[in-house]
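# Results of the structural survey
For reference, the chains in residue letters:
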Amino acid sequence: MGKKDAAGVSSDTQPLLEKSSTKKRLSSDLTDHVAKRQRIEERTDHTRWRMRDDKGRQSWVYLEDDQALKDWPQSFADKYFLGLPVNAPDLPKPTNPLDAVRNGLEFFEKLQLPSGHWGCEYGGPMFLLPCIVIAWYVTKTPIPWYYATEIKNYLFARANPEDGGWGLHIEGETSVFGTSLNYTVLRIVGVDADHPVMVKARATLHKMGGATHAPHWAKWWLAVMGVAQWDIVNPTPPELWLLPDWVPIAPWRWWIHIRQVFLPMSYLWSKRWQAEETELIRSLRQELFVEDWAKINWASHRNTINPRDNYHPKTWVLNTVNWCLVNIWNPVLRTQAIAKKGEEWAMKLIEMENENTDHADLATVSGPMNTVCLYVKEGPDSYAVRRHRERAHEFLWMKDEGLLANGTNGVQCWDTAFAIQAVMDAGLTEDPRWRSMLMKALEFLDDQQIRENVKDQDKCYRQQRKGGWAFSNKDQGYAVSDCVSEALKSVIILQKTPGFPTLIDDRRIFDAIDTLLTYQNPSGGCSSYEPPRAGTWMEVLNAAEVFGNIMVEYEYPECTTAVVTALSLFRKHWPKYRTKEIERFIERAVKWIKTAQKPHGGWYGSWGICFTYATMFALESLASIGETYKNSDYAKRGCEFLISKQREDGGWSEHYRACETGEYIEHPSGSQVVMTAWAVIALMKADYPNLEHIKKGIKLIMDRQQSNGEWLQEAIEGVFNKSCMISYPNYKFTFTLKALGMFARKYPNETVV
């Protein structure tokens, strides 16, 4: 273990660049890495964990020194995140929706972090933690015992209670992807192969065919470890990056997440690099496979995959391309000079990504992969590798179940924007009681606005971002259309409220508008990170297998609505800035929204579950141009779709499988408070005339509120790429408060309880 500093924080989790002695300690730890057995305990003392908030950079710290506990008391938010008693007082029972809003804000305010934002778990996917832990292992990065212990606890808690395996996400059925990688993680952090949890998981893995039946991403990680041979991995040649930009399949045209994953994948595939062989690696070769490892025909299993993992089967086109790469390109046409040039350009793109994000990188898959690439190229003591190790802590989240990995380095800007809007919808922005909370939130968004475009924007294929906001923080620095929109709305709302200062001046507001106007596609709809650079036909090259709609950008009702409502609010206050362009943008965007409506009246959601979520946004778009239930067939059908799904208790409850199948599916656990909020918000936006349906939903939200003002966590809320679910736990505050506040303002004389 590393030494502890004056605050009692282990040096294993201190930034590696802070002390001159760190490099010597790290080198020593790396030398002994293979020989040492990973320390692991039954559990840690949860009262010793602290959330460090450094201007929106979140990391969890474990205090081993008793004096440190006195110097750094655990906050209300720390305790809440860890599932410890917070002893929040009971509040007066609300007699109306606005009382319920105030009670909710009393609790939610206590979760605001020092920099002014709201943080939370952003977990759910079960392939994220393996990316970080396997990267640590192959780069010989020491894993603190408290990390190892709580990683073990989290994976034990999330093992399928029936078969002992792990799925693509926390609510998904067991898969080879989830089980092979998380079994590997548990072995890395020190769990013995004969532990009952491991025996059960291994038996399930073997029943599914073993690791030869894993999807592409799992095979790649196992090849990097040396647990599998590279011949089992379908080709990912980096020389694809050398294709001229005009080529229809050039990687710069792919969706940002898949191209950032393909970069390091291609670099290491080309290098065929593998970690130093250890006793653990030799053991995993026997544990993960059904076959005799020494006799496996690796190449014959490139396309072997268990049906549970095969959400998007490889097309005949992709199989043909792979055959040509394996049998013609690699052995005949691929010269050493071409391979080297491809590797060099891929590495240059990785280095530009590091520079543009201060080594945080886009997300939790590409970041660890890039760490390994840089370790291979530069060695363990390079600045880039050490900085990557530091930033990795910001992707981890500690909770009552243990330590997990978030989908990005947080949800800071996104959730903070929604929190501000919830207060606005309740008409409470001028209430002095909430001024301090709102002021801190405004200051946070001021600090997190992205002030410049990235260096070499065109060279590294990045979208304009000046004036925007990221989903998490400005370090990560990827502006997203709806994140920019929601943050901008929140800033305008507060800065136009009497008593709040103008922290973001007109020029910076205009910068945000200029960036938003770049997001519209030829269809009129808006995408997420950038307009599509290729058609949906590109999905024939989808090699991920476990995800759908991953190769290119798509138009989304959610993103389109966010931009429309931001532009609509903006032009009320700045009617002369780019007037015609904004007017035309909104007109085309809402027209696209109408074309995206499904025959049943709803809209398909790509970022929340599923039709309930997107229909809320779509009806808000229509309302922004004056189209409601009374005068619009589109709005009427949207409302009738939602009403047809309302449950007897007044709530709504959609299961995540709706995202996978494209059909509305009821959740077996009953009404969900978040989805109920989405539905009643939609109905109120559309001026649905039968108020009793809305009142029933509002009553359910109020009934679910606890006596201290909070709402309890229910089913998972978010989704990406059709098949993978992800958690948005703050939604149970922001959208419930928004629904209650909207009702209180829209129907001030109506009685609910």
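Residues numbered from 1 in each chain as written. Predicted model: local features only at pLDDT ≥ 70, side-chain atom pairs only at ≥ 80, totals over all residues. Heavy atoms only, no water.

### Description of the overall build of the protein
When you go through the protein residue by residue, the secondary structure sums to 27 helices and six strands. Principal axes of the C-alpha set define a box for the protein whose edges measure 75 × 60 × 50 Å. Burial statistics for the protein: of 753 residues in total, 65% are counted as buried. Within the protein, contacts between residues separated by at least 24 positions form 74% of all contacts whose residues are at least 6 apart in sequence. Total accessible area on the protein stands at roughly 27000 Å², and carbon and sulfur atoms take up 51% of it. Positive and negative side-chain charges in the protein, numbering 89 and 93 respectively, have mean positions lying 2 Å apart. (Helix = DSSP H or I, 4+ residues; strand = E, 2+ residues; numbered from the N terminus. Buried < 20%, exposed > 50% of the residue type's maximum accessible area, 1.4 Å probe, protein only. Contact = heavy atoms within 4.5 Å. Areas by Shrake-Rupley, 256 points an atom, 1.4 Å probe, with all protein chains shown as cover. Lys, Arg positive; Asp, Glu negative; His and termini not counted. Charge placed at Lys NZ, Arg CZ, Asp CG, Glu CD.)

### Here we look at the packing of helix H16 (residues 412-425) against helix H18 (residues 481-495)
The N-to-C vectors of H16 and H18 enclose an angle of 40 degrees; their axes lie 9 Å apart at closest approach. Relative to H18, the element H16 is oriented oblique. Both H16 and H18 take part in a crossing whose hand is left-handed. Facing H16, whose interface residues are Trp-414, Ala-417, Phe-418, Ile-420, Gln-421 and Met-424, H18 presents Asp-482, Cys-483, Glu-486, Ala-487, Lys-489, Ser-490, Ile-493 and Leu-494. Looking at the contact of H16 with H18 residue by residue, the classes come out as nine nonpolar, two polar and three charged. (Axes fitted to C-alpha atoms, helices over the stretch in contact; angles between N-to-C directions. Parallel < 35°, antiparallel > 145°, perpendicular 65-115°, else oblique. Left-handed = near helix turned anticlockwise from the far one by under 90°. Nonpolar A, V, L, I, M, F, W, Y, C, P; charged D, E, K, R; others polar.)

### Looking at the UniProt feature "domain: Squalene cyclase C-terminal" (unreviewed entry) in the protein
Per the UniProt record, the feature "domain: Squalene cyclase C-terminal" (unreviewed entry) sits at residues 413-743. The span residues 413-743 is 48% helix and 2% strand, and its two end C-alpha atoms sit 26 Å from each other. (UniProt positions renumbered as here; feature names shortened; annotations may be inferred.)

### Some words on the nonpolar core
Phe-127, Trp-217, Trp-469, Phe-547 and Ile-694 are the most contacted members of the largest nonpolar core, which has 257 residues in total. Per-element tally for this core: the top contributor is helix H25 (residues 673-685), with eleven residues. When residues no more than four places from it in sequence are discounted, the contact partners of Ile-694 are Val-680, Leu-683, Met-684, Tyr-688, Phe-743 and Tyr-747. (Core = buried A, V, L, I, M, F, W, Y, C linked by side-chain atoms within 4.5 Å.)

### Focus: unusual backbone geometry
Negative phi characterises most residues that are not glycine, and trans characterises most peptide bonds. Unusually for a residue other than glycine, Lys-140 sits at a positive phi of about 55 degrees. Along the chain, Lys-140 falls in the loop between helix H5 (128-138) and helix H6 (145-157).

### Quick look at the environment of Phe-735
Here Phe-735 lies in helix H27 (residues 731-746). Between the C-alpha atoms of Phe-735 and Phe-418, which are 317 residues apart in sequence, the distance is 7.9 Å. With sequence-adjacent residues up to four places away left out, Phe-735 is seen in contact with Phe-418, Met-616, Ala-677, Trp-678 and Ile-681.

### A closer look at the pairing of strand S1 (residues 49-54)
As paired elements, S1 and strand S2 (residues 57-62) share six bridges and run antiparallel to each other. Across the sheet, residue Asp-54 finds its bridge partner in S2, namely Arg-57. What sits between S1 and S2 in their antiparallel hairpin is a turn of two residues, with Lys-55 showing a positive phi close to 50 degrees. (Pairing = 2+ DSSP bridges.)

### Points about the confidence of the model for the protein
Confidence in the prediction for the protein averages 94 pLDDT; 95% of positions are at 70 or higher. Low pLDDT (under 50) marks residues 1-35, which in the prediction has 76 contacts with non-local residues, meaning those over four places away or in another chain. (pLDDT = per-residue confidence, 0-100.)

### Side note on helix H22 (residues 611-624)
The end-to-end C-alpha distance of H22 is 20 Å, a good match for the 20 Å that 14 residues give at a rise of 1.5 Å each. Counted residue by residue, H22 has twelve buried out of 14 residues, so it is predominantly covered. Every buried residue of H22 is accounted for by Phe-611, Thr-612, Tyr-613, Ala-614, Thr-615, Met-616, Phe-617, Ala-618, Leu-619, Glu-620, Ser-621 and Leu-622. At the exit of H22 stands Gly-626, carrying a positive phi of roughly 85 degrees. (Expected span 1.5 Å × (residues − 1).)

### Here's the deal with empty space enclosed by the protein
This model, assessed by the stated rule, comprises ten cavities of 30 Å³ or more. Empty space within the largest cavity amounts to approximately 550 Å³. Looking at the lining of the largest cavity, the elements with two or more residues in it are helix H10 (256-271), H18 and strand S5 (718-720). Looking at side-chain class alone, the lining of the largest cavity contains 27 nonpolar, nine polar and one charged residues. In this model, the second largest cavity occupies a volume close to 150 Å³. In terms of lining, the second largest cavity is formed by 16 residues, of which the most central are Gly-367, Pro-368, Thr-371, His-388 and Ala-392. (1 Å grid on protein atoms, 1.4 Å probe; cavity = no way out; pocket = protein on both sides within 12 Å on 5 of 7 lines; lining within 4 Å. Points joined across faces, edges and corners; volume = space filled by probe spheres on them.)

### Digging into the pairing of strand S3 (residues 396-399)
Where burial is concerned, the two faces of S3 agree: the one with Leu-396 and Met-398 and the one with Trp-397 and Lys-399 are both buried. Direction of pairing for S3 relative to strand S4 (residues 402-405): antiparallel, over a ladder of four bridges. Looking at the pairing, Leu-396 lines up with Ala-405 of S4.

### Some remarks on helix H23 (residues 633-644)
Helix length check: H23, at twelve residues, gives a terminal C-alpha distance of 16 Å against a target of 16 Å (1.5 Å per residue), a fit within 8%. Ala-635, Gly-638, Cys-639, Phe-641, Leu-642 and Ile-643 are the residues of H23 that are buried.

### Topic: the state of the cysteines
Using the criterion set out here, one finds zero disulfides in the structure. Cys-483 takes part in no disulfide bond, and the closest cysteine sulfur to it belongs to Cys-413, at a distance of 7.8 Å. Considering cysteine sulfurs only, Cys-610 is the nearest to Cys-659, which forms no disulfide, with 3.9 Å between them. (Disulfide = S-S within 2.5 Å.)

### Considerations on the packing of aromatic side chains
This model, assessed by the stated rule, comprises 58 aromatic pairs. On the basis of an interplanar angle of 70 degrees and a centroid distance of 4.9 Å, the ring pair of Phe-81 and Trp-397 is categorised as edge-to-face. Residue Phe-81 is located in helix H3 (residues 76-82), and its partner Trp-397 is located in strand S3; the two are separated by 316 residues in the primary sequence. As far as the burial class goes, Phe-81 and Trp-397 line up, both buried. Among the aromatic residues, those joined into a ring-pair cluster are Trp-60, Phe-76, Tyr-80, Phe-81, Phe-107, Phe-108, Trp-118, Trp-397, Trp-711 and Phe-733. Sitting over the face of the ring of Phe-76, Lys-110 holds its NZ or CZ atom 6.0 Å from the ring centroid. Its end group placed over the ring of Phe-500, Arg-435 keeps NZ or CZ at 4.9 Å from the ring centre. (Phe/Tyr/Trp six-rings, centres within 6.5 Å; stacked < 30°, edge-to-face > 60°. Lys NZ or Arg CZ within 6 Å of the ring centre and 35° of its normal.)

### A few points about the pattern of salt bridges
Applying the stated criterion to the full structure yields 49 salt bridges. The partner of Asp-358 in a salt bridge is Arg-391, with the nearest N and O atoms 3.1 Å apart. Of this pair, Asp-358 sits in the loop between helix H13 (336-357) and helix H14 (366-378) while Arg-391 sits in helix H15 (residues 383-392), placing them 33 residues apart in sequence. In this structure, Glu-530 engages Arg-533 in a salt bridge whose closest nitrogen and oxygen atoms are separated by 3.1 Å. Side by side, Glu-530 and Arg-533 carry an identical accessibility label, which is buried. Among the charged side chains, a network of salt bridges with common partners joins Asp-54, Arg-57, Asp-358, Arg-387, Glu-390, Arg-391, Glu-394 and Asp-475. (Salt bridge = Lys/Arg side-chain N within 4 Å of Asp/Glu carboxyl O.)

### Focus: the packing of H13 against H14
One can describe the packing of H13 onto H14 by two numbers: an axis separation of 11 Å at closest approach and a directional angle of 120 degrees. You can see that H13 and H14 cross each other, and the crossing is left-handed. Here Met-347, Ile-350, Glu-351, Glu-353 and Asn-354 of H13 lie close against H14, whose contacting residues are Asn-370, Cys-373, Leu-374, Lys-377 and Glu-378. Partitioned by chemical class, the residues of the contact of H13 with H14 number four nonpolar, two polar and four charged.

### So, the side chain of Asn-153
Residue placement: Asn-153 occurs in helix H6. You can call Asn-153 buried: its relative accessible area is 16%. In this structure Asn-153 touches Glu-42, Arg-43 and Glu-401, once residues within four positions along its chain are discounted.

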